[in-house]
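Notes for the structure review
Residues per chain are reported as follows:
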Amino acid sequence: MNSIDTLKNVATRLRIDSVRSTSQAASGHPTTCLSAAEIMAALFFAEMRYDARNPQNPHNDRFVLSKGHAAPILYAAWAEAGLFPREELTKLREIGSDLEGHPTPRLNFVDVATGSLGQGICAAIGNSTTTNVTPLPK
């Protein structure tokens, strides 16, 4: 799935999903998401190795989104990968939704809670596995 045209199409879908989810929520950072679309498409769908059905698999490549306020594009990438239905994206920031404004380890595909710029890289360097990440209880 790594032809340039295919990745451009994925990036476009990620943008559309990010704008839809932030528009539905009337909250979020859509432009931050838009600026990350190509890199998310390239990493998730051409470079990273992972099992979308098992995001905690220790053999998966890990992804830490340092600019956590771009969470909607992270959610869009995982929906595109088939982890959960794309329709869930429109529940961004709703009470009872798992899709919060910033990534949280409560989600099985998030290793590190991020939001303050720069903290993600520090956490990612020292955290090559999820063995020392304790998810919050549901």
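Source: prediction; values computed, not measured.

Quick word on the packing of aromatic side chains
- This structure, assessed with the given rule, holds eight aromatic pairs.
- Ring centres of Trp 78 and Phe 109 lie 5.7 Å apart, and the angle between their planes is 40°; this geometry places the pair in the tilted category. Taken together, the residues span a long stretch of sequence, with Trp 78 in helix α4 (residues 71-81) and Phe 109 in the loop between α4 and α5 (119-126) at a distance of 31 residues.
- By relative accessible area, which is 6% here, Trp 78 ends up buried.
- Grouped by ring-pair contacts, the aromatic residues Phe 44, Phe 45, Tyr 50, Phe 63, Tyr 75, Trp 78, Phe 84 and Phe 109 constitute a single cluster.

So, the environment of Trp 78
- Along the backbone, Trp 78 and Ala 52 are 26 residues apart, and their C-alpha atoms lie at a distance of 7.5 Å.
- With residues near it in sequence (within four places) discarded, Trp 78 still touches Phe 44, Tyr 50, Ala 52, Pro 55, Leu 83, Phe 84 and Phe 109.

Side note on the packing of helix α1 (residues 4-25) against α4
- Two elements in contact, α1 and α4, have axes whose closest approach is 9 Å; the angle formed by their N-to-C orientations is 125°. As summarised for this structure, α1 and α4 are arranged oblique, according to the angle between their axes. Like other packed secondary-structure pairs, α1 and α4 cross with a definite hand, here right-handed. Contacts between α1 and α4 pair Val 10, Arg 13, Leu 14, Asp 17, Ser 18, Ser 21 and Thr 22 from the former with Pro 72, Ile 73, Ala 76, Ala 77 and Glu 80 from the latter.
- In the contact of α1 with α4, the residues fall into six nonpolar, three polar and three charged.

The rules behind each value
- Residues numbered from 1 in each chain as written.
- Predicted model: local features only at pLDDT ≥ 70, side-chain atom pairs only at ≥ 80, totals over all residues.
- Heavy atoms only, no water.
- Phe/Tyr/Trp six-rings, centres within 6.5 Å; stacked < 30°, edge-to-face > 60°.
- Helix = DSSP H or I, 4+ residues; strand = E, 2+ residues; numbered from the N terminus.
- Buried < 20%, exposed > 50% of the residue type's maximum accessible area, 1.4 Å probe, protein only.
- Contact = heavy atoms within 4.5 Å.
- Axes fitted to C-alpha atoms, helices over the stretch in contact; angles between N-to-C directions.
- Parallel < 35°, antiparallel > 145°, perpendicular 65-115°, else oblique.
- Left-handed = near helix turned anticlockwise from the far one by under 90°.
- Nonpolar A, V, L, I, M, F, W, Y, C, P; charged D, E, K, R; others polar.

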